[in-house]
Amino acid sequence: MKQLYDKAIYDFDNPVSSYWEEISHPDQNSYPKLKGDQQCDIAVIGGGFTGLSTAYHLAKLYQRDVRLLEAGHVGWASSGRNAGFVCLPATKLSIQTLFKRYGIDETKKFFASQVEGMDILDSIIKDHSIECEQIGDGNLDVAHSPHSCDGLKEWGNDLKKYFGINTRWIPKEEFDESGHQSTEQFGAVFMESGFAMNPLAFLGGFAKATVEAGAVLHGHSRVKKWERNGKHRLITDEGSLTANQVVVATNGYTDESLHQSFANRMVPVLSNIIVTREMSEDEFNLQNYKTLNPICNSREILYYYRRMPSNRMLFGTRGDTYGDDQSANKMKDYMTQKFRGVFPSWNDVEISHYWRGTVVMNRDLTPAFGSLDDDQTVHFSYGYSANGNNTTIYCGKKLAEMICESNSGSTNISEIYRGLSPKIPFPFLRLWYLRLYLWYSKLRDKNKKEL
Ligand SMILES: Cc1cc2nc3c(=O)[nH]c(=O)nc-3n(C[C@H](O)[C@H](O)[C@H](O)COP(=O)(O)OP(=O)(O)OC[C@H]3O[C@@H](n4cnc5c(N)ncnc54)[C@H](O)[C@@H]3O)c2cc1C
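Not measured: the values here are computed from a predicted model.

Quick look at the overall build of the chain
Thinking step 1. Of the regular secondary structure elements, the chain holds 12 helices and 18 strands.
Thinking step 2. Relative to the compact-globule value of 22 Å for 451 residues, the chain shows a C-alpha radius of gyration of 21 Å, a close match.
Thinking step 3. The contacts of the chain with a sequence gap of at least 6 include a subset with a gap of at least 24, amounting to 77%.
Thinking step 4. About 18500 Å² of surface is accessible on the chain, with carbon and sulfur atoms providing 49% of the total.
Thinking step 5. Distance between charge centroids for the chain: 5 Å, based on 51 positive and 55 negative side chains.

Now the structure itself:
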């Protein structure tokens, strides 16, 4: 396996020690290993939201014979260990840049698809009565410095003006009362779209629904080799799967040696989360913390946080660029310090959980979706810029639609998603590019605060 980070990041045999794993207790062996030589029409590699959504919609809407292969337990990776924000957008490009690069219509289609992804996710939760601590009636972006207010106000206004998303600017004093107080709170924009959830609990229910729809899931079945002799043959430790078509849904854990077309196109970036012990209402009152809506702040390297229904705080930010255990320990201390810097009244509140996972940034900073130009039987979706929960669900549905309804490999999806992401020059320097970017962003954050 060709890996960018330390092997600790790719320990498929062991679940990460996340809060979600602890409270949701996924059965590690719910889905049997692939054994012997098996066949199916469509094989999906990867058991996160992208893979599950593709398999679910292929089976449910089109009654296709589909099997999914997952290297760890189903939900082992980012889909099962993220912060549970259902928010937008899956790009780091500004609205103005999107307009310039793709035009207004394609950008509108893109934002509409992001909201559609939220709606699909919401209806899957409701249709299958999935208990996943769904909470909140929108998302918040908080200004971390007075100099960030104008930019956030403009963002909120643009979301309303161009995409019809209901937004509202909440001045600092009002947010002090209705949201929370902190050293980095200077007003917030509320977006009436999205919610929060326990992602692993959702994933557990979604995986069951996918099997009920007719798909076959295999856990602990890492594809180690991919042969192409007319059909595709995916080889795991204990079996092989021969299929007419393959969907690659491996995002930040993609083994770049498996298929050349996907090599050197992604920058997996580590993101980290800490969770506190349960806090009392009196403790929440110390920061006047009331809102249950998920929050991102306006830093370049943003902090994301939320009060959970279990009365703990979840706090996340970027990770290190090595992935080894030593860096993880340093990162945990760094994050604890940042969390306490933002919420000083919680200086003594213990951190009970820490974990990390990968998100994927593409070179063009937009997701990649489609079928390979030189092999229309291989399909893919990846690179959601840390905004995968609704985007993966949408893209999985669209992949199913594209496979079943189109012979040309195209589908009605915004141009912003279409095609492989461009290759990264000198790909062995990827982590150095990332370090440079993080350093530059830190500088910008510092300047913004000191302006
Ligand atoms: C700490 C953290 C916080 C985040 N917070 C949020 C958030 O709040 N909101 C949001 O929208 N997004 C968030 N994200 C991003 C989001 O989790 C991802 O965009 C999304 O889960 C990607 O889903 P996926 O199915 O494409 O990939 P994954 O969930 O990573 O699944 C890919 C799967 O492929 C499997 N795989 C890889 N290679 C093979 C192989 N050879 N054979 C078989 N299987 C293989 C892996 O084991 C893995 O399970 C966060 C990510 C992280 C890491």
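Next comes the rest of the description.
Regarding the side chain of threonine 358
Thinking step 1. Looking at where threonine 358 falls in the secondary structure, it is placed in strand β16 (residues 351-362).
Thinking step 2. A polar contact is formed between the side chain of threonine 358 and the backbone oxygen of glycine 252, at a distance of 3.4 Å.
Thinking step 3. With residues up to four places along the chain from it excluded, the contact list for threonine 358 reads Ile9, Ser78, Gly252, Tyr253, Pro268, Val269 and Leu270.

Details of the site of the ligand
Thinking step 1. In the region of the ligand, 38 residues are neighbours, and Thr50, Glu70, Ser79, Phe85 and Asn389 sit closest.
Thinking step 2. Residue glutamate 70 places a side-chain N or O atom 2.6 Å away from an oxygen atom belonging to the ligand.
Thinking step 3. At a separation of 3.4 Å, an oxygen atom of the ligand approaches a polar backbone atom of glycine 84.
Thinking step 4. Contact with the protein chains hides 98% of the accessible area of the ligand, taken as 1000 Å² for the molecule alone.
Thinking step 5. Sorting the residues of the shell around the ligand by element identifies α2 (49-62), α3 (78-81), β12 (266-276), β16 and α11 (389-405) as the ones contributing at least two each.
Thinking step 6. The greatest single-element share of the shell around the ligand, amounting to three residues, is contributed by β16.
Thinking step 7. Residues belonging to the shell around the ligand are distributed by class as follows: 18 nonpolar, 18 polar and two charged.
Thinking step 8. Two domains each put at least three residues into the shell around the ligand: domain 1 (7-82 + 200-267 + 364-435) and domain 2 (134-196 + 268-362).

Some points on unusual backbone geometry
Thinking step 1. Here leucine 88 and proline 89 are connected by a cis peptide whose omega angle stands at 0°.
Thinking step 2. Note on placement: proline 89 falls in the loop between β3 (85-86) and α4 (95-102).
Thinking step 3. The backbone phi angle of glutamine 63 is positive, close to 50°, even though this residue is not glycine.
Thinking step 4. If you trace the backbone, glutamine 63 turns up in the loop between α2 and β2 (66-69).
Thinking step 5. Of note, serine 129 is a non-glycine position whose phi angle comes to about 45°, a positive value.
Thinking step 6. Of the residues examined, serine 129 reaches a relative accessible area of 60% and is grouped as exposed.

Reading guide: rules and limits
Residues numbered from 1 in each chain as written. Predicted model: local features only at pLDDT ≥ 70, side-chain atom pairs only at ≥ 80, totals over all residues. Heavy atoms only, no water. Helix = DSSP H or I, 4+ residues; strand = E, 2+ residues; numbered from the N terminus. Rg over C-alpha atoms; globule rule 2.2 N^0.38 Å. Contact = heavy atoms within 4.5 Å. Areas by Shrake-Rupley, 256 points an atom, 1.4 Å probe, with all protein chains shown as cover. Lys, Arg positive; Asp, Glu negative; His and termini not counted. Charge placed at Lys NZ, Arg CZ, Asp CG, Glu CD. Polar contact = N/O pair within 3.5 Å; in protein donor to acceptor, adjacent residues only side chain to side chain. Near = heavy atom within 4 Å. Nonpolar A, V, L, I, M, F, W, Y, C, P; charged D, E, K, R; others polar. Domains from an automatic or database assignment. Buried < 20%, exposed > 50% of the residue type's maximum accessible area, 1.4 Å probe, protein only.

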